[in-house]
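# Descriptive structure summary
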Amino acid sequence: MECSFPPPLTSDQLSAALEGLAEPDLQAHLARCPACASQLKAAQRFEQQLSQRLYRWDCPSLQRLGEYHLNRLTPDEAANITQHLKQCARCDEEFAGLRAFMEVEQRPGDQPVERPPRRPDRPHWREIVARLLPHTPTLALRGSAPGPLTAEAGDIRLLLDIKPARGGNVTLDGTVMASDQDQWNGALVHLRRAGAVLQMATVDDLGGFRCEAFAPGVTDVRIASAEGRTIILLDAKFAI
Amino acid sequence: MTLSALSLDHLTQRCAEETHKFHHDQTSDPQFCFELFRRALAEETPDALWRVYEIYERQLYRWVQDVRGFDRISEGPDYFVMDAFSKFYFALRGPRFDGFSELPKLLAYLKMCAHTTVAQYLRDEAGNLGVKSIEDDDVRQASFDPDPTADLMQGEIWACLCELLPEARDQLLARCRFSLEMKPAQIVAQYPQVWRTEREVSTALYRIRQRLRSDPDLRTLLGLRGDAPKGPA
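Residues numbered from 1 in each chain as written. Chains lettered and ligands numbered in written order. Predicted model: local features only at pLDDT ≥ 70, side-chain atom pairs only at ≥ 80, totals over all residues. Heavy atoms only, no water.

## Examining the overall build of chain A
Here is the rule we go by: Where helices and strands are cited, they refer to DSSP runs of H or I of at least four residues and of E of at least two residues respectively, numbered from the N terminus. Only protein chains enter the accessibility calculation, which uses a 1.4 Å probe; a residue is then buried when its area is under 20% of its type maximum, exposed when over 50%, and partly exposed in between. Working rule for contacts: check all heavy atoms of both residues, and any pair within 4.5 Å makes them a contact. Computed by Shrake-Rupley with a 1.4 Å probe, the accessible areas treat only the displayed protein chains as cover when residues are assessed.
Per the secondary structure count, chain A includes six helices and nine strands. In chain A, which comprises 240 residues, the proportion classed as buried is 44%. A separation of at least 24 residues holds for 51% of the contacts in chain A among residues at least 6 apart in sequence. Entry remark: accessible area of chain A is about 12,700 Å², with carbon and sulfur atoms responsible for 52%.

Following this line, the structure appears as structure tokens:
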């Protein structure tokens, strides 16, 4: 495709447009010329890909900066962070924010706030949502349980077996099955109801976990791995 | 009776009472809460962990909502409270608890986790660039990648960029612009001894962009198909 209104954009003009500094005549050219507009779009896409892939790529995580602030790093690790902070305006700014936040001492008399009296309407977008699968029909035997609930979240499968416990309560025996099973070893399980945490458990090295004796009802299950992945299953009906 | 002999129920009750005293400006004894934390983290007892959460949940809500920038997040605090507590647990469970000998240090770490979960979210959101305006959660989730292999890819892209820009000054500029998203004015303010004016920064950026855009290897690493742009650019 050729420029409709030659001469076509120069490299300088294209870069100015990328920086959002295009003069009015350049903006007018871009508005009328499909060839130059397409060239700018391709350059924007390149710029966006590069910036997205490289954004803060060698910056320490905020957790790392926090451990540095609390003197929880080895001398070598701390020296690396000190050096990085000298060179990185963004981290330096974040570290200043962290330090200011930590320096506000929790004074006696400071009151914690109430948990908002609500439950989440939907999961946070960073949580991997598991969906319950329909029960597969099995041979009906007198007194036989319908089998565990099964939920899927991508390549992760959850088996949730509800069993009766004392006093009308139930016990949950759960299993996490994933292609990256090791990642879920030691994961933290929260059972939540109406926003409040009912119980916690940890996933063992075979993917199993157990939540003992809680009242039956509609429950959310949240499983967080040490690597930062979280699965959430909403509104599971745990009853016998 | 020694602390380790106390039942979990009794310990929880004493910790809750002492925490209440602390918040009401009365002298409080931290040993019960410390023992509860020890059972939750060092012994990794889920029931004790849940009791710790129950006692400190409201404090976590307060901390999360006090982080500067939290008001810019269009979502409630629930996710951040749970995430902060999970981070705290994973960082201090098992033998890692040994480095903590008193309650104030544990609470400082918990407070730090409340801050970092929000601040990391804000950092990641800023890095989503074109993705941040997308409403579709699946697309946003795809851009949030806790996969550690993503770091290897970033290292490869950066190594390719350094080959194309061998001069230290160009690498510094590329880092400021593409990794730290700094504007020309910010770059001049940060490195006045390297670039004196915004115009100087812009001119150097024109040259750098041209070199990067025309490299097929870098384009492949970025997942961009097709030939490098032709013509004057």
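## With respect to the sheet that holds strand E8 (residues 217–224) of chain A
Cut-off, in case you're wondering: For two strands to count as paired, DSSP must find a minimum of two bridges between them. Whenever a helix is involved, its axis is fitted only over the stretch in contact; in every case the axis is a line through C-alpha atoms, and angles between N-to-C directions fall within 0 to 180 degrees.
As summarised here, the arrangement of the nine strands in space is E6-E5-E8-E9-E1-E2-E3-E4-E7 (chain A), forming an open sheet in which the pairing is mixed. For this open sheet the edge positions go to strand E6 (196–202) and strand E7 (208–214) of chain A, each flanked by a neighbour on one side alone. Pairs of neighbouring strands in the sheet enclose a mean axial angle of 25 degrees, with direction left out of account. Pairing geometry for strand E1 (residues 128–132) of chain A and strand E9 (residues 230–238) of chain A, over three bridges, is parallel. Counted as the bridge partner of Val129(A) is Ile232(A) from E9(A). Of the strands in this sheet, strand E5 (188–193) and E6 of chain A touch helix H3 (residues 46–66) of chain B, which is tilted by about 140 degrees from E6(A).

## Observations concerning the state of the cysteines
Our working definition: In this description, the term disulfide denotes a pair of cysteine sulfurs within 2.5 Å.
By the definition in use, this model includes one disulfide over all chains. Through a disulfide, Cys15(B) is tied to Cys33(B); the S-S separation comes to 2.1 Å. Here the disulfide of Cys15(B) and Cys33(B) is right-handed, its torsion about the S-S bond being about 100 degrees. Placement of Cys15(B) in helix H1 (residues 8–23) and of Cys33(B) in helix H2 (residues 31–41) is noted, with a sequence separation of 18 residues between them. Pair check on accessibility: Cys15(B) and Cys33(B) agree, each one buried. With no disulfide of its own, Cys162(B) has Cys160(B) as its nearest cysteine by sulfur position, at a separation of 9.3 Å. Here Cys176(B) is not disulfide-linked; the sulfur of Cys88(A) is the nearest cysteine sulfur, at 8.8 Å.

## A short note on the side chain of Arg222(A)
Going by this rule: Residues adjacent in sequence count toward polar contacts only when both atoms are side-chain atoms; beyond that, a polar contact is any pair of N or O atoms within 3.5 Å, and within protein one must be able to donate a hydrogen and the other to accept it.
For Arg222(A), the location among the structural elements is in strand E8. The buried category is assigned to Arg222(A), whose relative accessible area is 2%. Reaching out from Arg222(A), the side chain makes a polar contact with the side chain of Glu127(A) at a distance of 3.2 Å. Setting aside anything within four residues of it in sequence, one finds Arg222(A) in contact with Glu127(A), Leu188(A), Val189(A), His190(A), Thr230(A), Ile231(A), Ile232(A), Tyr79(B), Met82(B), Asp83(B) and Ser86(B).

## Description of the packing of aromatic side chains
Formally: Two aromatic rings, drawn from Phe, Tyr or Trp (for Trp, its six-membered ring), form a pair once their centres lie within 6.5 Å of each other, and the interplanar angle then sorts them: stacked below 30 degrees, edge-to-face above 60, tilted otherwise.
Evaluation of the coordinates by the stated rule reveals 15 aromatic pairs over all chains. Considering the side-chain rings of Phe214(A) and Phe238(A), the 6.2 Å spacing of their centres and the 70 degrees angle between planes classify their relative orientation as edge-to-face. One end of the pair, Phe214(A), is in strand E7; the other, Phe238(A), is in strand E9, with 24 residues separating them in the sequence. Ring geometry for Tyr79(B) and Phe80(B): centres 5.2 Å apart, planes at 85 degrees, overall edge-to-face. In terms of burial, Tyr79(B) and Phe80(B) fall into one category: buried.

## Re the interface of chain A and chain B
Selection rule: A simple way to read buried area is as the amount of 1.4 Å-probe accessible surface that goes missing from two parts once joined, with both sides added. We define a salt bridge as a side-chain nitrogen of Lys or Arg found within 4 Å of a carboxyl oxygen belonging to Asp or Glu.
Listed as interface residues are 85 residues of chain A and, on the opposing side, 95 residues of chain B. Counting each side, the surface lost to burial between chain A and chain B is near 8,500 Å², with a carbon and sulfur contribution of 57%. Contact with chain B buries surface across chain A, with Phe46(A), Trp125(A) and Arg126(A) losing the most and accounting together for 11% of the total. Counting every contact that joins chain A to chain B gives four salt bridges. A salt bridge links Asp58(A) to Arg175(B), with the nearest nitrogen and oxygen atoms 3.3 Å apart. Between chain A and chain B we count 22 residue pairs in polar contact (both at pLDDT 80 or more) in total. Sorting the residues of the side of chain A that touches chain B by element identifies helix H1 (11–18), helix H3 (34–54), helix H4 (62–69), helix H5 (75–87), helix H6 (89–103), E5, E6 and E8 of chain A as the ones contributing at least two each.

## Considering the packing of H1(B) against H3(B)
Any two packed helices are characterised by how steeply their axes cross, that is the angle between the axes, and by the distance between the axes. Residue and element names in this part refer to chain B. As a reminder, the rule being used: An angle below 35 degrees is read as roughly parallel, one above 145 as roughly antiparallel, one from 65 to 115 as roughly perpendicular, and any other as oblique. The handedness criterion is simple: a crossing whose near helix is rotated anticlockwise from the far helix by less than a right angle is left-handed, and one whose near helix is rotated clockwise is right-handed.
Two numbers describe how H1 lies on H3: the axes approach to 11 Å, and their chain directions differ by 15 degrees. By the angle class used here, H1 and H3 are roughly parallel. Relative to H3, the crossing made by H1 is right-handed. Here Leu8, Asp9, Thr12, Cys15, Ala16, Thr19 and His23 of H1 come into contact with H3, specifically with Asp47, Ala48, Arg51, Ile55, Tyr56 and Gln59.

## Points about helix H5 (residues 103–127) of chain B
Just so we agree on the cut-off: Multiplying 1.5 Å by the residue count of a helix minus one yields the expected span of that helix.
Given a rise of 1.5 Å per residue, 25 residues ought to cover 36 Å, and the 36 Å separating the end C-alpha atoms of H5(B) matches this to within 8%. Counting buried positions over the 25 residues of H5(B) gives 20, a clear majority of the element.

## Examining the pattern of salt bridges
Inspection of the entire model under this criterion finds 27 salt bridges over all chains. Between Lys163(A) and Asp173(A) there is a salt bridge whose closest N-O contact spans 3.0 Å. Of this pair, Lys163(A) sits in strand E3 (residues 156–164) while Asp173(A) sits in strand E4 (residues 170–177), placing them ten residues apart in sequence. Residue classification places Lys163(A) among the partly exposed positions, given a relative accessible area of 35%. Glu18(B) is the partner of Arg14(B) in a salt bridge, and the nearest nitrogen-oxygen pair spans 3.2 Å. One end of the pair, Arg14(B), and the other, Glu18(B), are both in helix H1, four residues apart, so they sit about a helical turn from each other. In this structure Arg14(B) comes out as partly exposed when scored by relative accessible area, which is 25%. Among the residues examined, Glu18(B) registers a relative accessible area of 4% and is labelled buried. Salt bridges here are not isolated pairs; linked through shared partners, they connect Lys163(A), Asp173(A), Arg210(A) and Glu212(A).

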